[in-house]
Amino acid sequence: MKSLFNTEVHTEILARTNQLTESSQGLWGKMTVGQMLCHCQFPLKIALGDHGNFKKVNPLMKLLMKSFKKSMYDDKPWRQNLPTAKDLKVTDDKDFSSEKKKLIKLIDDFHLQKDKKVWDPHPVFGSFTYDQWGQMQYKHLDHHLRQFGV
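Residues numbered from 1 in each chain as written. Predicted model: local features only at pLDDT ≥ 70, side-chain atom pairs only at ≥ 80, totals over all residues. Heavy atoms only, no water.

1. Regarding the side chain of Ser3
Inference 1: Relative to the elements of secondary structure, Ser3 occurs in the segment before helix H1 (7-19).
Inference 2: Engagement of the side chain of Ser3 in a polar contact is seen with the backbone nitrogen of Phe5, the distance being 3.1 Å.
Inference 3: Here Ser3 is in contact with Val9, Gly134, Gln135 and Tyr138, once residues within four sequence places are set aside. (Helix = DSSP H or I, 4+ residues; strand = E, 2+ residues; numbered from the N terminus. Polar contact = N/O pair within 3.5 Å; in protein donor to acceptor, adjacent residues only side chain to side chain. Contact = heavy atoms within 4.5 Å.)

2. Observations regarding the packing of aromatic side chains
Inference 1: Using the criterion set out here, one finds six aromatic pairs in the structure.
Inference 2: Measuring from ring centre to ring centre gives 4.5 Å for Phe5 and Tyr130, while their planes differ by 5 degrees; the resulting arrangement is stacked. Within this pair, whereas Phe5 is found in the segment before H1, its partner Tyr130 is found in helix H6 (residues 130-147), the two being separated by 125 residues in sequence.
Inference 3: Three or more aromatic residues joined by ring pairs make a cluster, and in this case those are Phe5, Phe110, Trp119, Phe128, Tyr130 and Trp133.
Inference 4: The residue whose ring lies beneath Lys116 is Trp119, and the NZ or CZ to ring-centre distance is 4.4 Å.
Inference 5: Sitting above the plane of the Tyr130 ring, Lys117 keeps its charged end 3.9 Å from the centroid. (Phe/Tyr/Trp six-rings, centres within 6.5 Å; stacked < 30°, edge-to-face > 60°. Lys NZ or Arg CZ within 6 Å of the ring centre and 35° of its normal.)

3. Examining the state of the cysteines
Inference 1: Summed over all chains, the structure comprises zero disulfides.
Inference 2: Free of any disulfide, Cys38 has its nearest neighbouring cysteine sulfur in Cys40, separated by 9.4 Å. (Disulfide = S-S within 2.5 Å.)

4. A word on the packing of helix H5 (residues 96-111) against H6
Inference 1: The interhelical angle for the contact between H5 and H6, taken along N-to-C directions, is 160 degrees, at an axis separation of 12 Å. Put simply, H5 runs roughly antiparallel to H6. The element H5 and its partner H6 pack so that their crossing is left-handed. On H6, the residues touching Leu103, Ile107 and Phe110 of H5 are Trp133, Gly134, Gln137 and Leu141.
Inference 2: Residue composition of the contact of H5 with H6, by class: five nonpolar, two polar and no charged. (Axes fitted to C-alpha atoms, helices over the stretch in contact; angles between N-to-C directions. Parallel < 35°, antiparallel > 145°, perpendicular 65-115°, else oblique. Left-handed = near helix turned anticlockwise from the far one by under 90°. Nonpolar A, V, L, I, M, F, W, Y, C, P; charged D, E, K, R; others polar.)

5. Focus on the pattern of salt bridges
Inference 1: Tallying each qualifying case throughout the model produces seven salt bridges.
Inference 2: A salt bridge links Arg16 to Glu12; the nearest nitrogen and oxygen atoms lie 2.9 Å apart. Remark: Glu12 and Arg16 occur in helix H1; sequence separation between them is four residues, near one turn of the helix.
Inference 3: For Arg16, the salt bridge identified is with Asp142, shortest N-O distance 2.9 Å. Within this pair, whereas Arg16 is found in helix H1, its partner Asp142 is found in helix H6, the two being separated by 126 residues in sequence.
Inference 4: Three or more residues joined by partner-sharing salt bridges are found here, namely Lys2, Glu12, Arg16, Asp142 and Arg146. (Salt bridge = Lys/Arg side-chain N within 4 Å of Asp/Glu carboxyl O.)

If you want it as structure tokens, here you go:
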């Protein structure tokens, strides 16, 4: 399973992100490319300790999301049109250039944590191992980059 902590994978994700243009169109879903770039920042921010406006999830939703946790650590790509947690949805217009720069910085910031061994728990999914943090970040980015054809 690929991990964003791996230098080659980090380089691959950056190269794919840099292939996006303002006119990139999603192959599925409702997000524009700017909204997707903004949305992809949330899991990275959470991993880096910035939970922002991410609210507590109700217990039933938390239980459903924890069952999804297993799919984060296999090589099978996520299916198209997965539901998005309410607090991670982006519906307002976003500036492509500024969102792309912010995402690239967060990808780099996360990768620079590759030597960090102890991580705070995720606010919804709970504890992740070092490997799980890197794999989950890769898998989420890969899902949305595939959504936009890169």
